[in-house]
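Report on the structure
Here's the letter readout for the chains.
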Amino acid sequence: MTTTQDLAKQAAGRAAAQLCRDGMRLGLGSGSTSHAFVRALAERVADGLDVVGVPTSTATRDLALSLGIRLTDLDTDPRLDLAVDGADELDPHGDMIKGGGAALLREKIIARAAERTVILTDESKLVPQLGRFPLPIEVLPFGWASTTRLVAELLRGHGYEFPDPARRLKDGELVVTDSGNHLLDIGLTAIRDAATLALELNQIPGVVENGLFIQVADAVVVGRPDGSSELR
Ligand code: 5RP
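Below you will find a few notes about this structure. All of these numbers come straight from a predicted model, not from anything done at the bench.

This brings us to the packing of helix H2 (residues 32-46) against helix H3 (residues 58-66). At a closest axis distance of 10 Å, the pairing of H2 and H3 adopts a crossing angle of 20°. The orientation of H2 with respect to H3, classified from their angle, is roughly parallel. Judged by the twist between their axes, the crossing of H2 over H3 is right-handed. Contact residues: H2 offers Ser 34, His 35 and Val 38, while H3 offers Thr 60, Leu 63 and Ala 64. Of the residues contributing to the contact of H2 with H3, the split by class is three nonpolar, three polar and no charged.

Here it is, written out as structure tokens:
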């Protein structure tokens, strides 16, 4: 069944596809909203739009290939014109939590490689303050328990009383990212100084990347269930 949120995601995806121009090298995000964009992009490609994409996950790679979108990689094309991705939460500054789809590492690399990053969302993900969505942190499997302890210690130092990082499971199985790592998810409720926290988390050996995307979004497309969208 198609939900109103699905309709909003599709509207955002269609609007983002209209931002693509001939010759562009695109970052292709992960998650259902990004996949709505990939589908809309594929329609434009079928109509003759000439672009190449770098996927942020194997799921997006498989989808793009199945729809006839040409792919490249960052070794061949280290600079991208436009990255389009989704988010789990977006605050009024455009800062985000990402990684609900386990692709945050490649998503951050690809967003940073792009001249411009456009984030697709629906109203439900716009929040006054980040943190209601559990913060994902990608960690190396080696020493993960020790890394988890250090992450919890850092968070306690930031005034979060009972941080309880949990390794992500799906259907009872440990989630392994496309880069072979594990994910911690941490419910923080309200993140106070996200920029500082993002930097400090990445100082911990064993932390590969965290899901705080600070000053990454250049523009945001908010899709609505009635099919309209707004570029902010
Ligand atoms: C994946 C992500 C996604 O962009 C995020 O989880 C949003 O997903 P969806 O569009 O399915 O709501 O960060 O790592």
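From this point, the discussion proceeds with the structure in view.
In the neighbourhood of the ligand, 18 residues make up the surrounding shell, with Gly 31, Thr 33, Gly 86, Gly 100 and Gly 101 lying closest. Secondary structure elements with two or more residues in the shell around the ligand: H2 and helix H4 (104-113). Tallying contributions element by element places H2 first for the shell around the ligand, with three residues. Considering only residue class, the shell around the ligand consists of four nonpolar, ten polar and four charged.

Conventions adopted
- Residues numbered from 1 in each chain as written.
- Predicted model: local features only at pLDDT ≥ 70, side-chain atom pairs only at ≥ 80, totals over all residues.
- Axes fitted to C-alpha atoms, helices over the stretch in contact; angles between N-to-C directions.
- Helix = DSSP H or I, 4+ residues; strand = E, 2+ residues; numbered from the N terminus.
- Parallel < 35°, antiparallel > 145°, perpendicular 65-115°, else oblique.
- Left-handed = near helix turned anticlockwise from the far one by under 90°.
- Contact = placed C-beta atoms within 7 Å.
- Nonpolar A, V, L, I, M, F, W, Y, C, P; charged D, E, K, R; others polar.
- Near = placed C-beta within 6 Å.

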